[in-house]
Structures are given as structure tokens and as C-alpha cells.
Amino acid sequence: MIVRKNMGRASSLLLVLLALGFFFATYNLLTMIMHNRGSSLGNWMTDDLNVFDPITRMTDERKKMGKNDLKFHVALTATDAPYSQWQCRIMYYWYKKRKDMPGSGMGGFTRILHSGNSDSLMDEIPTFVVNPLPDGLDRGYIVLNRPWAFVQWLEKVTIEEEFILMAEPDHIFVNPLPNLAHGGHPAGFPFFYIKPAENEKIIRKFYPEEKGPVTDIDPIGNSPVIIEKSQLEEIAPTWMNISLRMKDDLETDKAFGWVLEMYAYAVASALHGVQHILRKDFMLQPPWDLEIGKKFIIHYTYGCDYSLKGELTYGKIGEWRFDKRSYLSGPPPRNLSLPPPGVPESVSSISHESDAVIGGEV
């Protein structure tokens, strides 16, 4: 039985532990990025959509189908921690700015709060409160609550849209987002570090050979994904169960680490025979993606460190920096210092669009 967990203020020790955990997670991802920058998988970072087709593994027939005009509901999972709250405020602010622009497919919005209790943003952001996992079950891996949160929300809430965008607090809508799903195929973003084929031995613990080749498993996480509500209702319980099983398996937990829940969603989708349209233009991730162009979402998960000459310092704390993990206990200050000349558009837009909210324009 899932029980309600009361969340108190984080202690200083907890904040230190969180900061260390975030540092090591970011360092590992940073190392993977630098290792793969020269590989063929590096095409995901391109900003020139005229050189590389932003739609991969999508048949010509489906490309000719045109736009999907059906609206999607924006849903993001969150906690009541200050670190999560200030990101949610920024995310919701830019959702409202883009929602009614030409080309947008965005419908309603829900913050799925998996802390078990209401918080101070209930009147500001449309929110539905669900229970967290029982004490100790997530073992400090907070995102393990995400699939369980979606299971509860889908069971208890009725929404008018037939599609759902699974999003995260550290997403900023920089262009109106259309419904990218087509013909029963959800749309997802291909992450270069999700590599089912290279982890076949582990994957086969959860995706047996009779289900098909591991290449049927998409290199994605659950976010960003635009998916039919009926599909997610089937996938979500499987996603939750596989996440818990992966966390319980020491080999899998060690191999997948912070991206374990992403692998769990990819495997769960494949178990249900669902394959995604992989959209490279779905999202950009500074500092590696430089220009916004026609992409739709900024994901500011990586620290952005630069010298005063505008040079990226690659994992070394820069003279100018923006890193969300610097603000675990509260939002960034108002009037953030401007980035130095030479810093790419994608990075400078984070500080500008964050300051629009934190600066009191909401």
C-alpha cells in the first residue's frame, strides 16, 4: 500500500548531500558528452536543420501526414522543495507565453506534485497532489517517484486532451510547440547516452529475447515525450514496475545510475510495442547546443561556465556561470549578471528568461 509522506524543510546536511549527488551526476553526463562529441551520435547537437533531418526513423508516409492539430496536455512532475518550485514557476510562465501563439498545440497544464501535501504554489500553478513512494523505497533517487506520480494522476484525473506532453521543471518553451506525435507514434527526444544495444546484457533482464531485438527500444527518456493518453495509461504501470526492479538490481543500478528511470520508460514503451518518432529539434541542451533556431524547448540541466572572454570552460567553474544546482535552497537572485560577449544564444536566453520570472514579471 502506498502511504503519504510528510516533507519537512531540508536540513543543511541534506542540501549538502543533494549538491554532491547533483555534482557527480552532472560530472558523469559531462564526461559522456565530451567523449561522444566526435562520434556519429554527435549529430543530435546540430543546430542546422537544413543539414540534418530533425526527424529520425520516421517513414516518408508519416512525414507527408502533416501536422497533428489535436491539443496536448502539459504535465510535469515536481516536489515541494524550493529547488523544484522556482523551476516550475519559470516553466509555467513560459508555457503561458507560448500557449496561444500560432503553431502551438498546447492545451491545459498540470503540475503533478508528488510530495503528498499541498504547497505555496497551489494558487499560482494548476496542481494535482499525489502520494510519494513509501519511505525508503526511492533510496534517495527522487525521480523514481515520477512514474508512480503519473500512474496516480492518470487514474484519478479526467483531462479533455487526448495527448499528453511529459515535461520537467527545468524546461523552457522558447518556441510554440506543436503536437509532434503522428499515426499512433509518440514523439520523443533522442538522448545520445541512452544506448540499449550497448547494454544488451542488462536490458535482457527486463526485455526478453522473445519480445524482439534491443534495437526496438528507443534511445529516450519519458521527457520530453508527446504521447496519446491511452498509450500512457498502459505504459505507466509497467514503467513504474520496471523502474523499481531496475533499482533493486545492483548491476542495473550501477550501470544506469541517474538515468535508470529513463531506461525504464524506454523499455516499458517497447514492451507495449510503442515506438517513438525521434525529434532532434524537440529540445536543445546548453551549453552544447548553441542556437535556438526552430527548436522548441531549452533543457537547462547542465552547468554553463564561461570565462569573461565568452569561452566555455568545460566542467571548470567559470568566471561567469549559470548552474541550477547553485540554487538548491531558493531561486536565483533578481537581475542576474549578463553573460560576457561571445556566450551563445542558448545560454544567454536561460538567464534572461529566468530573470523574467524571478524578477517579478509573473
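Quick caveat, the model's predicted, so the values are computed rather than measured.

*Asks:* Help me get a handle on helix α8 (residues 260-271), residues and values and all.
*Replies:* Given a rise of 1.5 Å per residue, 12 residues ought to cover 16 Å, and the 17 Å separating the end C-alpha atoms of α8 matches this to within 8%. With 11 of 12 residues buried, α8 is to be regarded as a mostly interior element. Regarding α8, the residues found buried are L260, E261, M262, Y263, A264, Y265, A266, V267, A268, S269 and A270. Turning to α8, the residues buried within the fold contact α4 (145-156), β5 (163-167), α5 (200-203), β8 (225-228), α6 (229-248) and α7 (250-256). The positive-phi residue at the C-terminal boundary of α8 is G273, with phi of around 75 degrees.

*Asks:* Help me get a handle on the pattern of salt bridges, residues and values and all.
*Replies:* Counted under the stated rule, the structure contains 17 salt bridges. A salt bridge links K99 to D100, with the shortest nitrogen-to-oxygen separation between them at 3.3 Å. The class for K99 is partly exposed, based on a relative accessible area of 23%. D100 sits in the exposed class, given a relative accessible area of 66%. When the shortest N-O distance is used, the salt bridge between R146 and E261 registers 3.3 Å. Taken as a pair, R146 in helix α4 and E261 in helix α8 lie far apart in primary sequence, 115 residues in all.

*Asks:* Please provide a residue-by-residue account of the packing of aromatic side chains, values included.
*Replies:* For the structure on display, the rule yields 19 aromatic pairs. Taken together, a centroid distance of 5.9 Å and an interplanar angle of 35 degrees make the contact between F150 and W239 tilted. With F150 in helix α4 and W239 in helix α6, this pair connects stretches of sequence that are 89 residues apart. With relative accessibility at 0%, the residue W239 sits in the buried group. Through pairs of rings, three or more aromatic residues link up here, namely Y83, W86, Y300, F322 and Y327.

*Asks:* If you had to explain the confidence of the model for the chain to someone new, which residues and values would you point to?
*Replies:* In the predicted model, the chain carries a mean pLDDT of 85, and the fraction of residues at 70 or more is 80%. Within the model, the stretch residues 22-54 combines pLDDT values under 50 with 54 contacts to residues more than four positions away or in other chains.

*Asks:* Lay out the sheet that holds strand β11 (residues 297-299) in plain terms, naming residues and giving numbers.
*Replies:* Reading across from one edge, β6-β11-β10 is the order of the 3 strands in this open sheet, with mixed pairing throughout. Here the strands that pair on one side only, and so sit at the sheet edges, are β6 (171-173) and β10 (283-284). Pairing between β10 and β11: 2 bridges, direction parallel. Following the sheet pairing, M283 is matched in β11 by I297.

Conventions we followed
- Residues numbered from 1 in each chain as written.
- Predicted model: local features only at pLDDT ≥ 70, side-chain atom pairs only at ≥ 80, totals over all residues.
- Heavy atoms only, no water.
- Helix = DSSP H or I, 4+ residues; strand = E, 2+ residues; numbered from the N terminus.
- Expected span 1.5 Å × (residues − 1).
- Buried < 20%, exposed > 50% of the residue type's maximum accessible area, 1.4 Å probe, protein only.
- Contact = heavy atoms within 4.5 Å.
- Salt bridge = Lys/Arg side-chain N within 4 Å of Asp/Glu carboxyl O.
- Phe/Tyr/Trp six-rings, centres within 6.5 Å; stacked < 30°, edge-to-face > 60°.
- pLDDT = per-residue confidence, 0-100.
- Pairing = 2+ DSSP bridges.

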